[in-house]
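Remarks on the overall topology
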Amino acid sequence: MSTVLRARSISKRFEGIVALDDVDIEVEAGERVGLIGPNGAGKTTLFNWLLGVLRADRGKVELDGEDVTRLPVHERARRGIGRTFQRIELFPDSTVREHLLIAERVRRGDGRLWKDLLGRGRPRTDEVARCDEVLALLGLSDMADEPIERLSLGKGRLVEVGRALMTAPKLLLLDEPSSGLDRDETAQLEQTLLAVHRERKIAILLVEHDVELVRSFVQRVYVLDFGTLIASGPTQQVFADDAVRKAYLGDLV
């Protein structure tokens, strides 16, 4: 099994406050990995550094063996990093299919995106086919022409996943995808993500506060506390760790 993501010695300070302290993390091809920790643990900082949104004070990140530490966000995306957002980042007046179509044109980088902004970019047959394939995988085919504003929060989360999948990622970063969802919606989200994983066999790094979702979905987990990695390993083993219980899980397990 090859390593898709390898990050080493990640350190970041904000005005003297340690956000990340010498953190190492790896994700293998096709693996489902969790990243948990209390609020302020450094999860968002780590995510943003992996994506290229932030610059670390020290550290190195490799994607499929290539050093991408100095590459900007769009170059990392083109090399295979996809993401969703904790707060949904969608255009309410656009349809589900239009969101995926724009992501497809960004992936192609063929200069047609400006036509979308002018309303003159007619989709090609192959573009529509790729969109419909992802819509079917996510169970959104019957909503393809619905405006985003008519969708439930749970369906909106799936559109974000679909938009990320259109970029053909090797690694999918999921930023608290269950945020705002009820128990039934979270269970549906999990089943859909498992179906995506089986079909596409992409690696997934999940940041999530829902302990039960993490426990049932990921194979391995990293735990951050005050910017320090305090535990890592198989999910059930980490959840049984006394330091993890004290720092994060408490009475939840």
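One can find the structure itself at the top, above this paragraph.
Per-chain numbering applies: the sequence of each chain, read as written, is numbered from 1 onward. Since the coordinates come from a predicted model, pLDDT governs what is reported: local features require at least 70, and pairs of side-chain atoms require 80 or more to be given and counted, while whole-chain, interface and lining totals use all residues. Just so you know, side-chain values use all the structure's heavy atoms and leave hydrogens and water out.

Description of helix α7 (residues 183-200)
Which entries qualify depends on this criterion: A run of DSSP states H or I qualifies as a helix once it reaches four residues; a run of E qualifies as a strand once it reaches two. Both are numbered from the N-terminal end. A helix is expected to reach a length of 1.5 Å times the quantity of its residues less one. With a 1.4 Å probe rolled over the protein chains alone, any residue whose accessible area is under 20% of its type maximum counts as buried; one over 50% counts as exposed, and the rest are partly exposed. Here, residues are in contact when the closest pair of their heavy atoms is within 4.5 Å. We call two N or O atoms a polar contact when they sit within 3.5 Å, provided that within protein one can donate a hydrogen and the other can accept it, with sequence-adjacent residues counted only if both atoms are side-chain atoms.
For α7, with 18 residues, the first-to-last C-alpha span of 26 Å sits near the 26 Å given by 1.5 Å per residue. Within α7, the full set of buried residues consists of Thr-186, Leu-189, Glu-190, Thr-192, Leu-193, Leu-194, Val-196 and His-197. Along its buried surface, α7 packs onto β3 (32-36), α5 (125-137), α6 (153-165), β7 (171-175), β8 (203-207) and α8 (211-217). A side-chain oxygen of the first residue of α7 lies 3.2 Å from the backbone nitrogen of Asp-184; this N-cap is Asp-182. Lys-201 sits one or two positions beyond α7 and adopts a positive phi of about 55 degrees.

Notes on the pairing of strand β2 (residues 17-28)
The condition that has to hold: Following DSSP output, two strands are said to pair if at least two bridges run between them.
Bridge analysis of strand β1 (residues 3-14) against β2 gives eight bridges, and the strand direction is antiparallel. When the bridges of β2 are listed, Arg-6 appears paired with Glu-26. Where β1 folds back onto β2 in an antiparallel hairpin, the turn is made up of two residues, including Glu-15, whose phi is positive at roughly 50 degrees.

Quick word on unusual backbone geometry
Phi is positive for Glu-176, which is not a glycine, with a value near 45 degrees. Structurally, the position occupied by Glu-176 is in the loop between β7 and α7. Relative accessible area serves as the criterion here: at 10%, Glu-176 is assigned to the buried category. The phi angle at Phe-226 is positive, at roughly 50 degrees, despite the residue not being glycine. Relative to the helices and strands, Phe-226 resides in the loop between β9 (220-225) and β10 (228-234). A relative accessible area of 65% means that Phe-226 is categorised as exposed.

Some remarks on the packing of α5 against α7
Here is the rule: For helices, the fitted axis covers only the stretch in contact; all axes are lines through C-alpha atoms, and the angles between them, taken along N-to-C directions, range from 0 to 180 degrees. Under this scheme an angle from 65 to 115 degrees is roughly perpendicular, one under 35 degrees roughly parallel, and one over 145 degrees roughly antiparallel; angles in between are oblique. For this scheme, ten residues count as nonpolar: Ala, Val, Leu, Ile, Met, Phe, Trp, Tyr, Cys and Pro. Four count as charged, namely Asp, Glu, Lys and Arg, and the remainder, Gly too, count as polar.
Where α5 contacts α7, the two axes come as close as 10 Å, and the packing angle between them is 130 degrees. Classified by the angle their axes make, α5 and α7 are oblique. Taking contact as the criterion, the partners of Glu-133, Val-134 and Leu-137 in α5 are, on α7, Thr-192, Ala-195, Val-196, Glu-199 and Arg-200. Within the contact of α5 with α7, the residues separate by chemical class into four nonpolar, one polar and three charged.

Some words on the nonpolar core
Nonpolar side chains in soluble globular proteins generally cluster together in the buried interior. To keep it simple, the criterion reads: Nonpolar cores were defined as sets of buried Ala, Val, Leu, Ile, Met, Phe, Trp, Tyr and Cys residues, with membership established by side-chain atoms within 4.5 Å.
With 42 residues, the main nonpolar core has Leu-100, Leu-138, Val-159, Leu-165, Leu-172, Val-214 and Phe-217 as its most contacted residues. With five residues, α6 is the single largest residue contributor to this core. Once residues lying within four places of it in the same chain are set aside, the contact partners of Leu-172 are Gly-82, Arg-83, Ala-164, Leu-165, Ile-202, Ala-203, Ile-204 and Leu-205. Formed by 27 residues, the second largest nonpolar core is a distinct cluster that contains Leu-35, Leu-171, Ala-203 and Leu-224.

Side note on α6
With 13 residues, α6 ought to run about 18 Å at 1.5 Å a step, and its terminal C-alpha atoms sit 19 Å apart, in line with that. Judged by how many residues are buried, α6 sits mostly within the fold: 12 of 13 residues are covered. For α6, every residue scored as buried is listed here: Gly-154, Lys-155, Gly-156, Arg-157, Leu-158, Val-159, Glu-160, Val-161, Gly-162, Arg-163, Ala-164 and Leu-165.

Observations regarding the environment of Pro-72
Along the chain, Pro-72 falls in the loop between β5 (66-67) and α2 (73-78). Look at Pro-72 and you get partly exposed, because its relative accessible area is 34%. Pro-72 sits 18 residues away from Leu-54 along the chain, and the two C-alpha atoms are 9.4 Å apart.

Everything listed here is a matter of coordinates, which is why it stays silent on function.
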